[in-house]
Amino acid sequence: NGDAESARPSLLLALAWEHGDEQHRTLLQDAWSAAGRNDRRGKVLLEVAEALDLNERADKLLDDYRNEAIRALRPLENAPLKGLLQRLVTRMLKR
């Protein structure tokens, strides 16, 4: 997963924190507290996400957010602006 490899706060990290038990949260907190250890962060996040079966849930949420953002553009009448914003949403919320 790109989120795990980048070792940045992400939707996957938020789901792992929300659905993880105390042991999972401790692993995540320790990994993010270690300065300069991005490789460890990604590995820990992947391990926790796999243990909690979160990848599918994260993909579905991302699709839902993307669809909701595109639906919010429907009232726009300026076609070039609408097209630009749709492309922007698609790029920002890609898998």
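See above for the structure.
Caption draft 1: Structural view of the packing of helix 5 (residues 55–71) against helix 6 (residues 79–92). At a minimum axis distance of 10 Å, the contact between helix 5 and helix 6 shows a crossing angle of 170°. When the interaxial angle is binned, helix 5 and helix 6 end up roughly antiparallel. Contacts from R66, A69 and I70 of helix 5 reach helix 6 at Q86, V89 and T90. Split by residue class, the contact of helix 5 with helix 6 holds 3 nonpolar, 2 polar and 1 charged.

Caption draft 2: Focus on the nonpolar core. Counting residues in hydrophobic clusters, the biggest one holds 12 residues: L12, L13, L15, A16, L28, A31, V44, L45, V48, A49, L54 and A58. For this core, the secondary structure elements donating two or more residues are helix 2 (11–19), helix 3 (22–33) and helix 4 (38–52). Residues within four places of A31 in sequence aside, it is in contact with R40, R41 and V44.

Caption draft 3: Region of the structure containing helix 3. For helix 3, which comprises 12 residues, the first-to-last C-alpha distance of 16 Å matches the rise-based estimate of 16 Å (1.5 Å per residue) to within 8%. Within the span of helix 3, buried status applies to H24, L28 and A31. Each buried residue of helix 3 sits inside an arc of 65° when the element is viewed along its axis, so together they form one side. Within helix 3, the exposed residues directed more than 90 degrees away from the buried face are E22, Q23 and S33. Among the residues of helix 3, the N-terminal cap falls to D21, whose side-chain oxygen and the backbone nitrogen of Q23 are separated by 3.1 Å.

Caption draft 4: Region of interest: the packing of helix 2 against helix 5. Packing of helix 2 against helix 5 leaves a shortest axis separation of 10 Å and a crossing angle of 125°. Comparing their axes, helix 5 and helix 2 come out oblique. As for the relative orientation of helix 2 and helix 5, their crossing is right-handed in sense. For the pair helix 2 and helix 5, the contacting residues are L11, L12, L15 and H19 in the first and N55, R57, A58, L61, L62 and Y65 in the second. Here the contact of helix 2 with helix 5 is built from residues that sort into 7 nonpolar, 2 polar and 1 charged.

Caption draft 5: Representation of the side chain of R41 within the structure. You can see R41 is positioned in helix 4. Its relative accessible area of 14% is what places R41 among the buried residues. Reaching out from R41, the side chain makes a polar contact with the backbone oxygen of A31 at a distance of 3.4 Å. A distance of 3.2 Å separates a polar side-chain atom of R41 from the backbone oxygen of W32.

Definitions and cut-offs
Residues numbered from 1 in each chain as written. Predicted model: local features only at pLDDT ≥ 70, side-chain atom pairs only at ≥ 80, totals over all residues. Heavy atoms only, no water. Axes fitted to C-alpha atoms, helices over the stretch in contact; angles between N-to-C directions. Helix = DSSP H or I, 4+ residues; strand = E, 2+ residues; numbered from the N terminus. Parallel < 35°, antiparallel > 145°, perpendicular 65-115°, else oblique. Contact = heavy atoms within 4.5 Å. Nonpolar A, V, L, I, M, F, W, Y, C, P; charged D, E, K, R; others polar. Core = buried A, V, L, I, M, F, W, Y, C linked by side-chain atoms within 4.5 Å. Buried < 20%, exposed > 50% of the residue type's maximum accessible area, 1.4 Å probe, protein only. Expected span 1.5 Å × (residues − 1). Arc of directions from axis to C-beta. Polar contact = N/O pair within 3.5 Å; in protein donor to acceptor, adjacent residues only side chain to side chain. Left-handed = near helix turned anticlockwise from the far one by under 90°.

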